[in-house]
Amino acid sequence: MTDPGVSASAPPAPTTLGELRDSGAAFRPVKAEIRANLLARLGAGEPSLPGIVGFDDTVVPEVERALIAGHDLVLLGERGQGKTRLIRTLVGLLDEWTPVLAGSEINEHPLHPISVWAHRQIAAHGDATPVGWLHRSDRFGEKLATPDTSVGDLIGDVDPIKVAEGRTLGDPETVHYGLVPRTNRGIFSVNELPDLAERIQVALLNVLEERDIQIRGYRVRLPLDLLLVASANPEDYTNRGRIITPLKDRFGAEVRTHYPIELADEIRLLRQEAHTGWLDTAGQHGNGHLESPLIPDHLVEIIARFTRLVRESTHVDQRSGVSARFAIAGLETAAASAVRRAAVAGEPRPVARVVDLPAVVPASRGKVEFADSGADPDDERELEILEHLLRQATAQTYRARCAGLDLTGLQEHFTGGETVESGELVPAAALLGQLGTIPKLAELLGRLGVPEGEQSAEQAAAAVEFALEGLYLTRRLAKDTDGTRTVYGA
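Residues numbered from 1 in each chain as written. Predicted model: local features only at pLDDT ≥ 70, side-chain atom pairs only at ≥ 80, totals over all residues. Heavy atoms only, no water.

J.: How would you summarise the packing of helix H14 (residues 297-312) against helix H17 (residues 379-402) if you had to cite specific residues and measurements?
T.: In contact at an axis separation of 8 Å, H14 and H17 are set at 130° when each is read in the N-to-C sense. Our classification of the angle between H14 and H17 gives oblique. The element H14 and its partner H17 pack so that their crossing is right-handed. Facing H14, whose interface residues are Asp-297, His-298, Glu-301, Ile-302, Arg-305, Phe-306, Leu-309 and Val-310, H17 presents Leu-386, Leu-389, Leu-390, Gln-392, Ala-393, Thr-394, Gln-396, Thr-397, Ala-400 and Arg-401. When grouped by side-chain class, the residues that make up the contact of H14 with H17 number 9 nonpolar, 5 polar and 4 charged. (Axes fitted to C-alpha atoms, helices over the stretch in contact; angles between N-to-C directions. Helix = DSSP H or I, 4+ residues; strand = E, 2+ residues; numbered from the N terminus. Parallel < 35°, antiparallel > 145°, perpendicular 65-115°, else oblique. Left-handed = near helix turned anticlockwise from the far one by under 90°. Contact = heavy atoms within 4.5 Å. Nonpolar A, V, L, I, M, F, W, Y, C, P; charged D, E, K, R; others polar.)

The following block contains the structure:
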């Protein structure tokens, strides 16, 4: 997905205050700007928050109503539900370019100066006051709330160097602005807001309501123009901290996020977010360049179902949740396992197979908090739980994709006591060579979403191995494995 905040177009032409005024430009508050651009997208039938998956009928309408109402908002949800991604996507609703007074630390609009410095500049230079242009990607600021965050970090503090230069302590120009004022005329995000000390949260009260700030006992009247968005985990209210009541009251909207409700959305999210693009450029080895798809659809579905089963498991601490990063890391691990096999065994085209799935379990274990771990967690027990859920996910995917498919021809290969050996380093050709002619292979590949003309040996091996695993899970074949070597037999 293209980042909505990035564009290659050049900024508009006016470079002085006079030229800007003559061009007919007008000051527009940031919330009005977002509202207008959002309504334009909705009117054109375009997605308001492109790249946000699984929230179309739930979270997105709530966010749209909050933005139209001009509300600051707080997103509540467990980890890995896309809160930060959603917040950053809001940048795409800002104008691509906006004029600013050149040299302003707080992005002041030339037609709406708010600082003493800006008024002095305009008084000194008049219509010749220089104007710059700020891209929307530079109008976003964020801070991860931590216990050591200070008021100075967010709001600002007195700059001792400016005082030493001779300015009086009460001079507004002695202020070193914090992150919030420096994001004036933009969007500012506070991630994990409950982790912010309560006395620091108090500093945000005026920002949200009166839009002014207080520094070191004297007030600097700055009518800040920004959209403030915060994120939080609901459990943080009672665990690590809480959002103080006056601050909660000043947010205009509270929006609850969630994990993908539909399996199809979970799969779409995986395909969108997994960083497997590096395979296309770094995977040249042996006889050719990597081709698509590297990870067959049924492997993506297995990992998506696995993630959902882990979320539903009674063994997992549901208060913590199971992040989307759990599934994304699993998909990337399966892809990496396939590339490793291709490099070692000389396969021309790495394609992930069922044999790559066991590597997902140990790699993902640290992303799950188990409910019954206690002070002395049982690592072996945790691995057993994840392995069992992965088998369940594979069985569910097999039943969903291969229901009614006649695999007796493949099963008959084992009636004479023959076996088929596979493993994480067994290449596709070696696996297929043990089976000879495979009845109804084209139909099996079709069921797994591989179009005719793209049915390579590597994809055929991935499909056959999935079928063998399905026959084992439905107890029509036996399997023996030691972690690196898998043998299927009658």
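J.: I'd like a rundown of the nonpolar core, residues and numbers included.
T.: With 62 residues, the main nonpolar core has Leu-270, Ile-295, Phe-306, Val-310 and Leu-468 as its most contacted residues. Elements represented by at least two residues in this core include exactly helix H12 (263-273), H14, helix H15 (324-345), helix H16 (360-364), H17, helix H19 (428-433), helix H20 (441-447) and helix H21 (457-473). One finds Ile-155, Leu-205, Leu-228 and Ala-230 within the second-largest nonpolar core, a separate group that totals 29 residues. (Core = buried A, V, L, I, M, F, W, Y, C linked by side-chain atoms within 4.5 Å. Buried < 20%, exposed > 50% of the residue type's maximum accessible area, 1.4 Å probe, protein only.)

J.: Give me the lowdown on the packing of aromatic side chains, citing residues and values where you can.
T.: Taken as a whole and judged by the stated rule, the model has 2 aromatic pairs. With centroids separated by 5.4 Å and ring planes inclined at 50°, the aromatic side chains of Phe-306 and Phe-326 adopt a geometry described as tilted. Taken together, the residues Phe-306 in helix H14 and Phe-326 in helix H15 connect sequence positions 20 residues apart. On the basis of relative accessible area, Phe-326 is assigned to the buried category, the value being 2%. Here the aromatic rings of Tyr-398 and Phe-466 are separated by 5.9 Å at their centres, their planes lie at 70°, and the arrangement is edge-to-face. Here Tyr-398 is found in helix H17, whereas its partner Phe-466 is found in helix H21, with 68 residues between them in sequence. Judged by relative accessible area, Tyr-398 falls into the buried class, the value being 5%. Geometry around Tyr-259 places Arg-311 over its ring, the cationic atom sitting 4.0 Å from the centre. (Phe/Tyr/Trp six-rings, centres within 6.5 Å; stacked < 30°, edge-to-face > 60°. Lys NZ or Arg CZ within 6 Å of the ring centre and 35° of its normal.)

J.: Account for the pattern of salt bridges, with residues named and values stated.
T.: On inspection of all chains with the given rule, the structure shows 21 salt bridges. Ionic pairing is found between Asp-95 and Arg-28, a salt bridge with its closest N-O pair at 3.0 Å. Of the two residues, Asp-95 sits in the loop between helix H4 (83-89) and strand S2 (97-101) while Arg-28 sits in the loop between helix H1 (17-22) and helix H2 (30-43), which places them 67 residues apart along the sequence. We classify Asp-95 as partly exposed; its relative accessible area is 22%. Here Arg-28 falls in the partly exposed class, since its relative accessible area comes to 33%. A salt bridge links Asp-297 to Arg-271; the nearest nitrogen and oxygen atoms lie 2.8 Å apart. Here Asp-297 is found in helix H14, whereas its partner Arg-271 is found in helix H12, with 26 residues between them in sequence. In the salt-bridge network here, residues are joined through shared partners; they are Glu-266, Arg-308 and Arg-311. (Salt bridge = Lys/Arg side-chain N within 4 Å of Asp/Glu carboxyl O.)

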